Amino acid sequence: MGWLRGNLHAHTTYSDGVKTPKELLAEYEALGYDFLAITDHEDLIGSSYWRALPRLSTRLLLFHGVELNYRGFDQHIGRVLGDREVLHVLNHPARYKLSIAETLERVRTIQRNGLALDAVEVTDTGHHRPLYASGEIPLVKVATDDAHRPMHFGRAWVEVDAPRERDAIIRAIRAGDFRLGFAPDAD
Ligand SMILES: [Zn+2]
C-alpha cells in the first residue's frame, strides 16, 4: 500500500493563487506528490470553478475543495471533498494569532453551529506552528502548504497510510492514520 503524500490546501488563479489549476498540478506532479486538494476561496471562485475542476487531467489523485469564510468571525475553513466523505479543517489558527483557549472556543462555536470539524492546521502557508499540535484541541493535526505562490509549494504535507482513493484517504486522516512532513526550511 505505502504512504501517500499530499497537500490538502492549495489556491489557483480561480482565487488568489498565481498558478492556473493546470500549472499547479504540474508543480505537485514534479514534486512527486500522490494527491492534491484545490481549495480556492469561496468568495472569489465565480461560477465556472466547479465546472472547471472535473475537466482537469492529472496523474495526481485530485480532490475538489473550497476554502470557506466562517460567518461570524474571521476564520477560514477548508472543505475537501471525497466521493462521499468530506473533510473540514480549521485553517491556520496561527494566522489569527489564536491562543489554545481561543482556538478551542472557535472549534466549539463552529461545531455548535452545525459544522463538524475534523482537523486543524499546524501550519501557516507551510510554516510549522507546533503550538496547535496541542492535545487540548480535539481534532487531528494536519500540515498543508496553503499554496498560493511557488515559494509555498512542497513546504508541508501529510503522508497517509491508505489505498489511493479519495474517501479512503479522508477516512484515514480522520482516524489519524497519517504522519506530517516538513521541508527542511519550513520552520
Ligand atoms: Zn488558503
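Up top you'll find the structure we're talking about.
Attention in this report is confined to the structure presented alongside it. (Residues numbered from 1 in each chain as written. Predicted model: local features only at pLDDT ≥ 70, side-chain atom pairs only at ≥ 80, totals over all residues. Heavy atoms only, no water.)

Things to note about the coordination of the zinc ion
Coordination of the zinc ion by the protein is provided by His9 (NE2), His11 (NE2), Glu67 (OE) and Asp146 (OD), with metal-donor distances spanning 2.0 to 2.3 Å. Geometry at the zinc ion is irregular, judged from its 4 donor atoms and the angles of 77 to 171° they form at the metal. Written as a sequence motif, the donor residues of the zinc ion are H-x1-H-x55-E-x78-D. You'll find histidine 9 and histidine 11 in the same group, each marked buried. (Donors = N, O, S within 2.8 Å, 3.2 Å for Na, K, Ca; no water. Tetrahedral: all angles 85-135°; square planar, octahedral: opposite > 155°, others 65-115°. Buried < 20%, exposed > 50% of the residue type's maximum accessible area, 1.4 Å probe, protein only.)

With respect to the nonpolar core
Formed by 35 residues in total, the largest nonpolar core has its most connected members in Tyr28, Leu36 and Leu117. Every element with two or more residues in this core is listed here: helix H1 (21–30), strand E2 (35–41), strand E3 (61–69) and helix H3 (100–112). Broken down by element, the residue count for this core peaks at 4 residues, all from H3. Excluding its chain neighbours within four sequence positions, the residues that come into contact with leucine 117 are Ile77, His88, Val89, Leu90, Val107, Ile110, Gln111 and Leu139. Within the second largest apolar cluster, 20 residues are counted, among which are Leu4, Leu8, Val89 and Val140. (Core = buried A, V, L, I, M, F, W, Y, C linked by side-chain atoms within 4.5 Å. Helix = DSSP H or I, 4+ residues; strand = E, 2+ residues; numbered from the N terminus. Contact = heavy atoms within 4.5 Å.)

Overview of the packing of aromatic side chains
If you walk through the whole model with that rule in mind, you get 6 aromatic pairs. Ring centres of tyrosine 28 and phenylalanine 153 lie 5.6 Å apart, and the angle between their planes is 50°; this geometry places the pair in the tilted category. Pair noted here: tyrosine 28 is in helix H1 and phenylalanine 153 is in the loop between strand E9 (140–142) and strand E10 (156–161), with a separation of 125 residues, a long-range link. Of the two residues, tyrosine 28 and phenylalanine 153, both sit in the buried class. Ring pairing ties together the aromatic residues Tyr14, Tyr49 and Trp50, which thus form one cluster. Note that arginine 5 overlies the ring of tryptophan 157, its terminal NZ or CZ placed 3.9 Å from the centroid. (Phe/Tyr/Trp six-rings, centres within 6.5 Å; stacked < 30°, edge-to-face > 60°. Lys NZ or Arg CZ within 6 Å of the ring centre and 35° of its normal.)

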